[in-house]
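Residue-level listing of the chains:
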Amino acid sequence: MEIPIEVSNRHVHLSNEDLEKLFGRNYELRKLRELSQPGQFAAEEKIKLISNGKELDARVLGSVRKKTQAEISRTDARFFGLNPPVKDSGDLENSEKIILAGPKGKIELKEGLIIARRHLHISDKEAKKFNIKDKDIVSIDAGNIIFNNVLVRAGKEHKLALHLDCDEGNAARIDKTGIGYIRFK
């Protein structure tokens, strides 16, 4: 079965509290486009990521979350002179600090900057077909490269897609989307 591959650029997920600090009271994100995972979207809004006197633009993704996090690539981390850990989305303990700047204010995250671990979204029904489950580790053959240590994120509402960051996409010669296959030993 073909696995859709999606490459994502640097982005941020904001808590409601931080959304208001950056964009103003009672602010609501404006949807630019739907993302493949149900309920998620790219917002029109962007913010600045700031560290060591350098800054990069980052897209805000919706909907709001409980905790704010920023996801960048290893290349972005080198640009900033930082070394954020590779972590699962939402696992922010012992992650890197970063400043976020929006049109109405700035916030300093004491932790929250990560390089997102490559992961496979898959519905529970599809996972059962592949005989895999949530939190399993698999390998994905993307044609000219094999991605090992891919975290499985199975759930009722998940839609099949391998998520890579820009550096991984570049290594696989995939700009935005591609196709891969789960490798079985």
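1. A word on the overall build of the chain
Item 1. Within the chain one finds 4 helices and 14 strands.
Item 2. Relative to the globule expectation of 16 Å for 185 residues, the C-alpha radius of gyration of the chain, 17 Å, shows essentially globular dimensions.
Item 3. Along the first, second and third principal axes, the C-alpha set of the chain runs to 50 × 35 × 30 Å.
Item 4. Across the chain, contacts joining residues at least 24 apart in sequence account for 64% of those joining residues at least 6 apart.
Item 5. In the structure as shown, the chain presents an accessible area of about 10400 Å², 45% of it carried by carbon and sulfur atoms.
Item 6. Taking the 34 positively charged and 29 negatively charged side chains of the chain as two groups, their mean positions are separated by 1 Å.

2. Examining the environment of phenylalanine 130
Item 1. With respect to the secondary-structure elements, phenylalanine 130 resides in helix α3 (residues 124–130).
Item 2. Since its relative accessible area comes to 13%, phenylalanine 130 is described here as buried.
Item 3. Taking the C-alpha atoms as reference, phenylalanine 130 lies 39 Å from leucine 49; in sequence the two are 81 residues apart.
Item 4. Excluding its chain neighbours within four sequence positions, the residues that come into contact with phenylalanine 130 are Met1, Ile3, Ile122, Ile182 and Phe184.

3. Some details on the side chain of glutamate 126
Item 1. Take glutamate 126: it is sitting in helix α3.
Item 2. An unpaired buried charge is present at glutamate 126: no salt bridge exists, and lysine 129, the closest side chain of opposite charge, is 6.3 Å distant.
Item 3. Excluding residues within four positions of it along the chain, glutamate 126 makes contact with Met1 and Leu160.

4. So, the sheet that holds strand β11 (residues 137–141)
Item 1. Reading around the circumference, β1-β13-β10-β12-β11-β14 is the order of the 6 strands in this closed barrel, with mixed pairing throughout. Adjacent strand axes in the sheet meet at a mean angle of 40° when their direction is disregarded.
Item 2. Note: strand β1 (residues 3–8) against strand β14 (residues 177–183), 4 bridges, orientation antiparallel. Each bridged residue has a counterpart across the sheet, and for isoleucine 3 the counterpart in β14 is glycine 180.

5. Section: the pattern of salt bridges
Item 1. Under the criterion given, the structure shown has 15 salt bridges.
Item 2. Arginine 30 is paired through a salt bridge with glutamate 45; the nearest N and O atoms lie 3.0 Å apart. With a gap of 15 residues between them, arginine 30 in the loop between α1 (16–23) and β3 (31–34) and glutamate 45 in strand β4 (residues 41–51) connect regions that are remote in the sequence.
Item 3. Between lysine 48 and aspartate 57 there is a salt bridge, with its nearest N and O atoms 2.6 Å apart.
Item 4. Residue classification places lysine 48 among the partly exposed positions, given a relative accessible area of 29%.

6. Here's the deal with the packing of aromatic side chains
Item 1. This model, assessed by the stated rule, comprises 2 aromatic pairs.
Item 2. Between phenylalanine 79 and phenylalanine 80 the ring centres are 5.4 Å apart and the planes differ by 65°, which places this aromatic pair in the edge-to-face class.
Item 3. Judged by relative accessible area, phenylalanine 80 falls into the buried class, the value being 1%.
Item 4. Sitting over the face of the ring of phenylalanine 41, lysine 31 holds its NZ or CZ atom 5.3 Å from the ring centroid.
Item 5. We note lysine 54 situated over the ring of phenylalanine 79; from NZ or CZ to the ring centre the distance is 5.2 Å.

Here is what the cut-offs are and how they apply
Residues numbered from 1 in each chain as written. Predicted model: local features only at pLDDT ≥ 70, side-chain atom pairs only at ≥ 80, totals over all residues. Heavy atoms only, no water. Helix = DSSP H or I, 4+ residues; strand = E, 2+ residues; numbered from the N terminus. Rg over C-alpha atoms; globule rule 2.2 N^0.38 Å. Contact = heavy atoms within 4.5 Å. Areas by Shrake-Rupley, 256 points an atom, 1.4 Å probe, with all protein chains shown as cover. Lys, Arg positive; Asp, Glu negative; His and termini not counted. Charge placed at Lys NZ, Arg CZ, Asp CG, Glu CD. Buried < 20%, exposed > 50% of the residue type's maximum accessible area, 1.4 Å probe, protein only. Salt bridge = Lys/Arg side-chain N within 4 Å of Asp/Glu carboxyl O. Pairing = 2+ DSSP bridges. Axes fitted to C-alpha atoms, helices over the stretch in contact; angles between N-to-C directions. Phe/Tyr/Trp six-rings, centres within 6.5 Å; stacked < 30°, edge-to-face > 60°. Lys NZ or Arg CZ within 6 Å of the ring centre and 35° of its normal.

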